[in-house]
Amino acid sequence: MSEVRVPGRVPSPLVEIADERFSRHGVRLLLKRDDLIHPALVGNKWRKLVPSLEAAGGRPLVTFGGAWSNHLRATAAAGRLLGLETVGIVRGDELAGRELNPSLARCAADGMRLCFVDRSAYRGKAGPEGPARLLREAGAPPDAFVVPEGGSNGLAVRGCAALGEELRGLVDVAAVACGTGGTLAGMAAGLGPGQRALGVAVLKGGFLAGEVRRLQREAFGGPRGRWEVEERFHHGGFARVPAGLEAFARDFEDRHGLGVERVYVAKLLHALTVLAGEGAFPPGTRLAAVVTGRPFP
């Protein structure tokens, strides 16, 4: 396994901000600025990718995602920075004949070869023959290293344990927005005694806790750390940004001068604001919100 040098700012900054919606309940809000790790490889995506990049040992990378996938964009950027061939299998064959959206255009500009597949075949990637069939359709190199959608596997979970380790002794609760659960699984494992991790689900379905348990078994052989999942703040599903959430994000930006990524980070910050108002965090709690990304484009 070859070592991959982290190209940016690790550990990422931990910055306390003054927000009366938290302070009036005796809660200190800190932002773990993983969005500052690297301009093209922000936040948890880099932490999750590093172990897979090392395991790939210079082989081509193949991975999966939707039209606006942060994971596809991060994988393409990693390929450009490290000189690796990358292939992205994209959900939705109807996209093949259209102009690329800004996210896919960034992937292509970074050298990723995009392969568009129909949605039913894409869903079948979870079956026993699904991944092999999609790889054949994409013309993936036979020696390619396959990274799952969202980047979450046992390797990624071990990579994200460093996030928890960076927060040891500094906070009481560490919170992160969750799509596939890999970051939460790793962060919880890296935290110290007396600390707990909170995951805010950005997809509906109630599957996330089971995925976190599965990923911890894959990575560590069993459960690690104290963690829980909050399912109430998906705002209708993945990538749904209703008017109320948009207004919250704009207000947070105005208060703190921080660009708020809408799909993950806005839902996390909104959830923590509501939970603080509900008394979910005892007075004196040091609460860290992991800023995993920045607005794109």
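Throughout what follows, the structure given in this document is the object of discussion. (Residues numbered from 1 in each chain as written. Predicted model: local features only at pLDDT ≥ 70, side-chain atom pairs only at ≥ 80, totals over all residues. Heavy atoms only, no water.)

Comments concerning the pairing of strand β4 (residues 86–91)
Of all 6 residues in β4, 5 are buried; the element is thus mostly enclosed. In terms of strand pairing, strand β3 (residues 61–65) meets β4 through 5 bridges, oriented parallel. Looking at β4, one finds that Leu-61 is bridged to Thr-86. Handedness of the β3-helix α3 (residues 70–82)-β4 crossover: right-handed. Crossover β4 to strand β5 (residues 113–117) through helix α4 (residues 102–109) is right-handed. (Buried < 20%, exposed > 50% of the residue type's maximum accessible area, 1.4 Å probe, protein only. Helix = DSSP H or I, 4+ residues; strand = E, 2+ residues; numbered from the N terminus. Pairing = 2+ DSSP bridges. Right-handed = clockwise from strand over helix to strand, strands pointing away.)

A closer look at the sheet that holds strand β6 (residues 145–146)
Within a sheet, neighbouring strands are paired by backbone hydrogen bonds and run either parallel or antiparallel to one another. Taking strand neighbours across the sheet as the criterion, the 4 strands line up as β5-β4-β3-β6 in an open arrangement whose pairing is parallel. One side of each edge strand has no neighbouring strand; the edge strands of this open sheet are β5 and β6.

Some thoughts on unusual backbone geometry
Geometrically, the link from Val-10 to Pro-11 is a cis peptide bond, its omega value of 0° lying close to zero. As for its position among the elements, Pro-11 is in the segment before β1 (14–17). Look at His-235: it is not a glycine, yet its phi comes out positive at around 55°. In the Ramachandran plot, Ala-239 falls in the positive-phi region, its phi being about 65° despite a non-glycine side chain. Inspection of the secondary structure assignment puts Ala-239 in the loop between β9 (227–230) and α10 (243–256). On the basis of relative accessible area, Ala-239 is assigned to the partly exposed category, the value being 44%.

What about the pattern of salt bridges?
Opposite charge on two side chains permits them to pair, given that their charged atoms come into close proximity. Applying the stated criterion to the full structure yields 24 salt bridges. Measuring nitrogen to oxygen at the nearest pair gives 3.5 Å for the salt bridge that ties Arg-255 to Glu-20. Taken together, the residues span a long stretch of sequence, with Arg-255 in helix α10 and Glu-20 in helix α1 (residues 20–23) at a distance of 235 residues. Accessibility expressed as a relative area gives 38% for Arg-255, which makes it partly exposed. What makes Glu-20 partly exposed here is its relative accessible area of 39%. Between Arg-214 and Glu-218 there is a salt bridge; the shortest N-O distance is 3.3 Å. Placement of the pair is Arg-214 and Glu-218 together in helix α9 (residues 208–220), with a separation of 4 residues, close to one helical turn. A cluster of three or more residues bridged by salt bridges with shared partners is formed by Asp-19, Glu-20, Arg-21, Arg-24, Asp-251 and Arg-255. (Salt bridge = Lys/Arg side-chain N within 4 Å of Asp/Glu carboxyl O.)

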